[in-house]
Amino acid sequence: MHPLPRRGLSLSLALLLAGACDQQATAAHSAAPPGAASGERGAHCEMHKTEASAIVRSEVAYTVPDLGLTTQAGAPYALSALDRADRVVVLNFIFATCTTICPVMTATFAQARAALGPDAARIQMVSITIDPQHDTPAVLAAYAAKYEAPADWAFLTGSEADVNTVLHAFDADFGSKFNHRPVTLIRPVGSPRWTRLEGQGGGAELAAEIRSHLGSPHP
Amino acid sequence: MTAHRRLAWGLGLGALAAGLLTLSRLSRAPLDPEVEAGRRIFEEGRLPDGSFTQAIAYRDVALSGAQVSCANCHGRSGMGTAETGTRTPPITGPMLFNPALRPRGPIYSPETLRRALRAGVDSAGAPLAPLMPRYALDDAQIDALLAYLRTLGAEQPAGITDATVSLAVAISEEVPADQRAAVLEVLQRLMRDHNVDTRNETGRNTHRLEAGRSRRLFRQLQVEPWILEGPSHTWPDQLREKMDDAPVFAMVGGLSTQDWTPVHDFCEAARLPCLFPSVDSAPTRPGDFYALYFSDGLQAEAKVMAAELLASGAGAAVVQVLDPSDAAAAAAAATLAARLEAAGGHSQTLPPSAQSASIDGASALISWLPAEALRALPAPKGPLVLVSGTRLGAEASALPATWTARLRQVDARARHLPRDAGSQRFTAWARSRSLALTHPALQAEAWFAGMAMLDGMEHIATYPGGAYLLDTLDHSSGLAAIMPAYPQAEFGPGQRILSKGAWVVPHDGVTPPRWVIPQ
């Protein structure tokens, strides 16, 4: 059940970005970032470093909760379908009003999809909102349209309780949407284990990762 | 302008005084064309020709338009945000170009700013985070953006001095004097408690004054009522006049039974923060920024009612009962009717004097009436009765049993639940100050509006600004926990109505209440 990190940080990149981080801290010296107490600043910076420098990869077996969510088209979506999917599932957590990382996460999905070409038909993309109060199916449909997402890329919402259950099941409950971090989950066909990518990379990088799961169900 | 800007950067913001108040009023006039072009790139991600800004993040992820507007990550104020574990630094003119605010790195020049935007290299030559998009902007576009960045944080906002913050609470004249007084007392008491200066905060304003550095100033907050007279379409002139006579930094709370749209529009046009008025619905439009509301109130109830009617197959011949002089209820009834008609249903509106003959044939009865007027109606025989909780103003269980059996209360507030944490906290606060709870619901709302104002001011004390106040509140997730009465409130960027649905509370003694967010 525990994540097994395979690839750690890229040290040189981390050091490089440590410098950049220092500089940003300087700029913000007396401007408390909204909502951040002064003690948190170091932690934010640390996170910035790791996030920017590398993707942390692990393999985890998740128990997908058996509950119903709703797609951007307003159609019911049984989450248990993920366990039976005959396509590689590529899943992340977003919310429509998220400002920093979500636009990039969603654009990366779109980019990876484009990079996969015809192989895109062999994957099922799923983006689950972590802000179901705001992200109704209509809001998610508008959000999906902004990224020209095809209809089979499911943007899911549901009751607050159900979404919380899902977040908990995938170890993606960050406490608050403002602590939302980029996590991508990939489930090869027929595998009980998911590949968990923590961090944000480029579209080609994600496409390569997805491609590595297309051929072999148990890598 | 240039001379003023240099002055502003040279002295630091904190040293700017009354002289610039005149300037800040000018800033509400249309921006000059280059600054406006920069504003569109900054706020909307649009180029002067109307096309979207294009950019690349993380080496190959193509983004455009609003996704890569500067404001999307750095906030409307440009003061930066800390979200999703990623901190975006402030990028206002002073933060980029004032050496005193960049003690550990070189200031930006137009050349290094171009390099930062296009190649992602900072003023010291180090790479920026890969999340920072690399922009396809030409020299003229970057010059426009630069001109806009220089305006951000360059002026002390209206209604603020180094020692004081002036606030207004807008109240329309038909609001009874006792309600006015109760709400004003809460707000003024909150500010008075803040202003007592128990720890010599005012004295500390003069300490540790470094040349060119901005200071975290302790300011006294003052709130005055702005009484709006006559019908609401005459309010814009009154508001402008009041703002010219005695400028305020923000509006806090507010009371009216009339259409709030003129006040809302004034707040947006004047870029004036307007926090949490006690009004029946939120006149906010997509893309609006400066006004925050508890709930869409009657409008949210109307949308949830429409969904209930359609889901129950009871939309064919709906009767809505309301007082014709109640404009907000009439607007809500119209929303409901439009939604029904879009789905093939039909609704007619009747006054409270409606006779049972006209009600009995209805597929459903909708009430937009207060409790006493509802009690006076002939008891309905139809299968479904939906009652607006906002207009009922109480729990429907107080109604006669002939009513309650087939009744569902549709309510933007959580009246059926035990008192929420926010209301409890307000009550404790009021009791400990011996304030009379004459209008507890309104007083609790005013209290929350004041708490949000104080919380926001605390964060922006060094760099006060209206947009920065809103950016800050967008990330004050903790405040939502003390919002009274309105369920499941959430702050967040782009979210201007904090509680987004309505409770559907059946009174058949069997069906449990449901929280419904309208589509």
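(A) View of the overall build of chain A. Within chain A, the regular secondary structure consists of 7 helices and 8 strands. Buried positions account for 56% of the 219 residues belonging to chain A. Across chain A, every contact between residues at least 6 apart in sequence was considered, and the portion connecting residues at least 24 apart equals 77%. Accessible surface computed for chain A: about 8600 Å², of which carbon and sulfur atoms make up 58%.

(B) Structural context of the confidence of the model for chain A. Across chain A, the average pLDDT comes to 77, with 74% of residues at or above 70. The low-confidence segment residues 1-53 of chain A (pLDDT under 50) makes 97 contacts with residues lying over four places distant or belonging to another chain.

(C) Molecular detail of unusual backbone geometry. All names here are of chain B. In this structure, Phe276 is a non-glycine residue whose phi angle is positive, near 55 degrees. For Phe276, a relative accessible area of 0% translates into the label buried. Non-glycine residue Ala485 carries a positive phi angle of around 70 degrees. Note that Ala485 resides in the loop between helix H20 (466-474) and strand S16 (497-499). The class for Ala485 is partly exposed, based on a relative accessible area of 22%.

(D) Highlighting the pairing of strand S7 (residues 183-187) of chain A. Residue and element names in this part refer to chain A. Most of S7 sits inside the fold, with 5 of its 5 residues counted as buried. Residues Val183, Leu185 and Arg187 of S7 are buried on one face, and the alternating residues Thr184 and Ile186, pointing to the opposite face, are buried as well. With 4 bridges joining them, S7 and strand S8 (residues 193-198) adopt antiparallel strand pairing. Within S8, the residue paired with Thr184 across the bridge is Leu197. Where S7 folds back onto S8 in an antiparallel hairpin, the turn is made up of 5 residues, including Gly190, whose phi is positive at roughly 80 degrees.

(E) Layout of the sheet that holds strand S11 (residues 318-321) of chain B. Residues and elements named next belong to chain B. Taking strand neighbours across the sheet as the criterion, the 7 strands line up as S12-S11-S13-S14-S15-S17-S18 in an open arrangement whose pairing is mixed. Each of the sheet's edge strands pairs with one partner strand only, and the pair in question is strand S12 (347-350) and strand S18 (514-516). Along the sheet, successive strands turn relative to each other by an average axial angle of 25 degrees, direction set aside. Relative to strand S13 (residues 364-367), S11 is paired through 4 bridges, and the arrangement is parallel. Within S13, the position partnered with Val318 by the bridge is Ala364. Sheet strands touched by helix H13 (residues 327-342): S11, S12 and S13. Its angle to S11, the strand with the most contacts, is close to 170 degrees.

(F) Geometry of the sheet that holds strand S7 (residues 220-228) of chain B. All names here are of chain B. The sheet built from 6 strands is open, its strands ordered S7-S6-S8-S9-S10-S16 with parallel pairing. On the outer flanks of this sheet lie S7 and S16, each paired with one strand and no other. Bridge analysis of strand S6 (residues 164-172) against S7 gives 9 bridges, and the strand direction is parallel. Pairing of Ala168 across the sheet is with Glu224, part of S7. Relative to strand S8 (residues 250-252), helix H19 (residues 440-459) is tilted by about 145 degrees, and along the sheet it contacts S6, S7, S8, strand S9 (274-275) and strand S10 (291-295).

(G) Summary view of the state of the cysteines. A full pass over the atoms with the stated rule returns 2 disulfides over all chains. There is a disulfide in this structure between Cys98 of chain A and Cys102 of chain A, and the S-S distance comes to 2.3 Å. Between Cys98 of chain A and Cys102 of chain A, the S-S dihedral sits near 90 degrees, and the bridge is therefore right-handed. Using a relative accessible area of 0% as the deciding quantity, one classes Cys102 of chain A as buried. Between the sulfur of Cys267 of chain B and that of Cys274 of chain B lies a disulfide, 2.0 Å long from S to S. Disulfide Cys267 of chain B to Cys274 of chain B: torsion about the S-S bond roughly -90 degrees, handedness left-handed. For the pair Cys267 of chain B and Cys274 of chain B, one class covers both residues: buried. Unpaired in this structure, Cys70 of chain B has its nearest cysteine sulfur neighbour in Cys73 of chain B, at a distance of 9.3 Å.

(H) Region of interest: the nonpolar core. Within the largest apolar cluster, 87 residues are counted, with the highest numbers of intra-cluster contacts made by Leu79, Leu82, Leu91, Phe93 and Phe170 of chain A. Broken down by element, this core gets its largest block of residues, 8 residues, from helix H4 (residues 101-116) of chain A. What Phe170 of chain A contacts, discounting residues up to four positions off in sequence, is Tyr62, Val64, Leu82, Leu91, Phe93, Leu185, Trp194 and Arg196 of chain A. Listed in part, the 58 residues of the second largest apolar core include Val165, Val183, Tyr290 and Trp447 of chain B.

(I) Structural detail: helix H3 (residues 33-44) of chain B. Residues and elements named next belong to chain B. With 12 residues, H3 extends 16 Å between its outermost C-alpha atoms, agreeing within 8% with the 16 Å of an ideal straight helix rising 1.5 Å per residue. Of the residues making up H3, those classed as buried are Val35, Ala37, Gly38, Arg39, Ile41 and Phe42. If you follow the buried residues of H3, they end up packed against helix H4 (70-74) and helix H7 (139-151). Of the residues flanking the start of H3, the one acting as N-cap is Asp32, its side-chain oxygen 3.0 Å from the backbone nitrogen of Glu34. Immediately beyond the C-terminal end of H3, within one or two residues, lies Gly45, with a positive phi of roughly 70 degrees.

(J) Fine view of the pattern of salt bridges. Residue and element names in this part refer to chain B. What the rule picks out here adds up to 27 salt bridges over all chains. As a salt-bridge pair, Arg39 and Glu43 come within 2.7 Å of each other at their nearest N and O atoms. Of this pair, Arg39 and Glu43 both sit in helix H3, 4 residues apart, roughly one helical turn. We classify Arg39 as buried; its relative accessible area is 13%. Measuring nitrogen to oxygen at the nearest pair gives 2.9 Å for the salt bridge that ties Asp265 to Arg285. Taken together, the residues Asp265 in helix H11 (residues 261-270) and Arg285 in the loop between S9 and S10 connect sequence positions 20 residues apart.

(K) Layout of the side chain of Ser278 of chain B. All names here are of chain B. Inspection of the secondary structure puts Ser278 in the loop between S9 and S10. A relative accessible area of 11% places Ser278 in the buried class. Looking at Ser278, its side chain comes within polar contact range of the side chain of Glu445, at 2.7 Å. Beyond its immediate chain neighbours, meaning those up to four positions away, Ser278 contacts Gly254, Leu255, Ser256, Leu442 and Glu445.

What counts as what
Residue positions are counted from 1 within each chain, in the order its sequence is given. By the order in which they are written, chains take letters starting at A while ligands take numbers starting at 1. Note on the predicted model: pLDDT of at least 70 is required for a residue's local features to be given, and 80 or more for side-chain atom pairs to be given and counted; whole-chain, interface and lining totals, by contrast, use all residues. No hydrogens and no water enter the side-chain calculation; it runs on all heavy atoms of the structure. Secondary structure elements follow DSSP: runs of H or I no shorter than four residues count as helices, runs of E no shorter than two count as strands, and numbering proceeds from the N terminus. Whether a residue is buried, partly exposed or exposed follows from its accessible area with a 1.4 Å probe, protein chains only, as a fraction of its type maximum: under 20%, in between, or over 50%, in that order. The contact rule is simple, with two residues in contact once any of their heavy atoms fall within 4.5 Å. Per-residue and other accessible areas follow the Shrake-Rupley method at a 1.4 Å probe size, with only the shown protein chains counted as cover for residues. Every residue gets a pLDDT, meaning the predictor's confidence in that residue, from 0 to 100. The pairing criterion is simple: DSSP has to find at least two bridges between the two strands. To get an axis, a line is fitted to the C-alpha atoms, and for a helix only the part in contact is used. The angle between two axes follows their N-to-C directions and goes from 0 to 180 degrees. By disulfide we mean two sulfur atoms from cysteines, separated by a distance within 2.5 Å. Throughout this description, the term nonpolar core refers to a set of buried Ala, Val, Leu, Ile, Met, Phe, Trp, Tyr and Cys residues connected via side-chain atoms within 4.5 Å. A helix is expected to span 1.5 Å multiplied by its residue count minus one. Side-chain atoms alone can form a polar contact between residues adjacent in sequence; in general such a contact is a pair of N or O atoms within 3.5 Å, and within protein one must be able to donate a hydrogen while the other accepts it. We define a salt bridge as a side-chain nitrogen of Lys or Arg found within 4 Å of a carboxyl oxygen belonging to Asp or Glu.

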